[in-house]
Amino acid sequence: MIRLANVAHDYGGRALLTGIDLHIAPGAFHFLTGPSGAGKSTLLKLCYGELRPVQGEIELFGQSLRGMSRDGLADMRRRVGVIHQDCQFLDHLTLAENVALPFVATGRPVPQTDLRELLAWVGLAGQAESLPPTLSGGERQRAALARAVIMSPEVVLADEPTGNVDPEMSQRLLSLLVELNRMGTAVMIATHDLALIRNAKAQVSARVLRIQDRTLQSAGADL
Ligand SMILES: Nc1ncnc2c1ncn2[C@@H]1O[C@H](COP(=O)(O)OP(=O)(O)OP(=O)(O)O)[C@@H](O)[C@H]1O
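Structure report, in brief. Computed from a prediction, not measured in an experiment: that's the story for all the values here.

Rules used throughout
- Residues numbered from 1 in each chain as written.
- Predicted model: local features only at pLDDT ≥ 70, side-chain atom pairs only at ≥ 80, totals over all residues.
- Heavy atoms only, no water.
- Near = heavy atom within 4 Å.
- Polar contact = N/O pair within 3.5 Å; in protein donor to acceptor, adjacent residues only side chain to side chain.
- Areas by Shrake-Rupley, 256 points an atom, 1.4 Å probe, with all protein chains shown as cover.
- Axes fitted to C-alpha atoms, helices over the stretch in contact; angles between N-to-C directions.
- Helix = DSSP H or I, 4+ residues; strand = E, 2+ residues; numbered from the N terminus.
- Parallel < 35°, antiparallel > 145°, perpendicular 65-115°, else oblique.
- Contact = heavy atoms within 4.5 Å.
- Nonpolar A, V, L, I, M, F, W, Y, C, P; charged D, E, K, R; others polar.
- Buried < 20%, exposed > 50% of the residue type's maximum accessible area, 1.4 Å probe, protein only.
- Salt bridge = Lys/Arg side-chain N within 4 Å of Asp/Glu carboxyl O.
- Left-handed = near helix turned anticlockwise from the far one by under 90°.

The ligand sits among Tyr11, Leu16, Pro35, Ser36, Gly37, Ala38, Gly39, Lys40, Ser41, Thr42, Gln85 and His192. Taking Thr42, its side chain carries an N or O atom lying 2.5 Å from an oxygen atom of the ligand. In the model, an oxygen atom of the ligand is placed 3.1 Å from a nitrogen or oxygen of the His192 side chain. Burial of the ligand by the protein amounts to 56% of the accessible area it has alone, namely 640 Å².

And the structure:
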């Protein structure tokens, strides 16, 4: 679904990522780890076409990103759910309206039943009318997950989805992502949280990748 071949990236200075080969296949569950500043968020952005690589090939759903038009990229992006590290919301809209934004942005009617079911799935049915500034960190993370999956994406890319929440909430978020994966959605989670990775390995067959020395490596059994 998402394929990177010999990808390199930098932000104008020294190389950040180099020689990156990655394939996110249907149904895969990947973790992406590595030290702060190693390039995890950058790699996720390359995977969903937010950034274009300085070298190498990226394919989304069998189509090369090279030369893809803005409309073509927008079509591809609908098939990828992204949970951003900072989980930003529009503070003047309710939680339910924020979660429904991907539908509104594409000019499609919001399926109200699906929206209610989704909010119940992430445990936020009671907060549907709340405004984002009144939500806790864990509620915001679950709302970000709901927003990422409302369009039924084939793959979810999550950037530190359990940042700033306690271990119990991390586990709850992980369980939701594992459940999605069991229903067929591919998942890639960038995280520093090694406990989360250990917990996940008991629930799902996950591949752990690590960015080290600017390259992508398979993490060993030391995790
Ligand atoms: N838009 C940008 N312009 C210039 N440099 C950037 C930009 N975005 C990221 N960087 C730099 O690229 C490097 C990698 O950043 P990135 O956010 O991808 O790392 P990360 O592994 O996700 O880090 P963390 O774990 O701290 O979130 C950092 O040194 C960062 O300062």
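Next up on the list: the packing of helix 6 (residues 137-149) against helix 7 (residues 167-182). One way to put it is that helix 6 packs onto helix 7 with a least axis distance of 10 Å and a crossing angle of 10°. Put simply, helix 6 runs roughly parallel to helix 7. The residues of helix 7 that touch helix 6, namely those facing Gly138, Gln141, Arg142, Leu145 and Val149, are Met169, Arg172, Leu173, Leu176, Leu177 and Leu180. Tallied by class, the residues present in the contact of helix 6 with helix 7 amount to 7 nonpolar, 2 polar and 2 charged.

Glancing now at the environment of Leu44. With respect to the helices, strands and loops of the structure, Leu44 is situated in helix 1 (residues 40-47). Looking at Leu44, the relative accessible area reads 3%, which means it is buried. A C-alpha to C-alpha distance of 8.1 Å links Leu44 and Ala158, two positions 114 residues apart in sequence. The residues touching Leu44, leaving out its near neighbours within four places in the chain, are Leu32, Leu157, Ala158, Asp159, Met188 and Ala190.

Turning next to the pattern of salt bridges. Inspection of every chain in the model, using the stated rule, returns 4 salt bridges. Asp75 is the partner of Arg78 in a salt bridge, and the nearest nitrogen-oxygen pair spans 3.0 Å. A relative accessible area of 34% places Arg78 in the partly exposed class. Among the salt bridges present, the one from Glu154 reaches Arg79, with a minimum N-O distance of 2.7 Å. You can see Glu154 sitting in the loop between helix 6 and strand 7 (155-159) and its partner Arg79 sitting in the loop between helix 2 (70-77) and strand 6 (80-83), a full 75 residues away along the chain. The class for Glu154 is partly exposed, based on a relative accessible area of 31%.

Packed helices, taken two at a time, are described by the angle between their axes plus the distance between the axes. Viewed as axis vectors pointing N to C, helix 7 and helix 8 (residues 194-203) meet at an angle of 40°, and their least axial separation amounts to 11 Å. In terms of orientation, helix 7 lies oblique with respect to helix 8. Crossing angle aside, the handedness with which helix 7 passes helix 8 is right-handed. Residues Ser170, Gln171, Leu174, Ser175, Val178 and Arg182 of helix 7 form the contact with helix 8, whose own contacting residues are Leu196, Asn199, Ala200 and Gln203. Of the residues in the contact of helix 7 with helix 8, the class split is 4 nonpolar, 5 polar and 1 charged.

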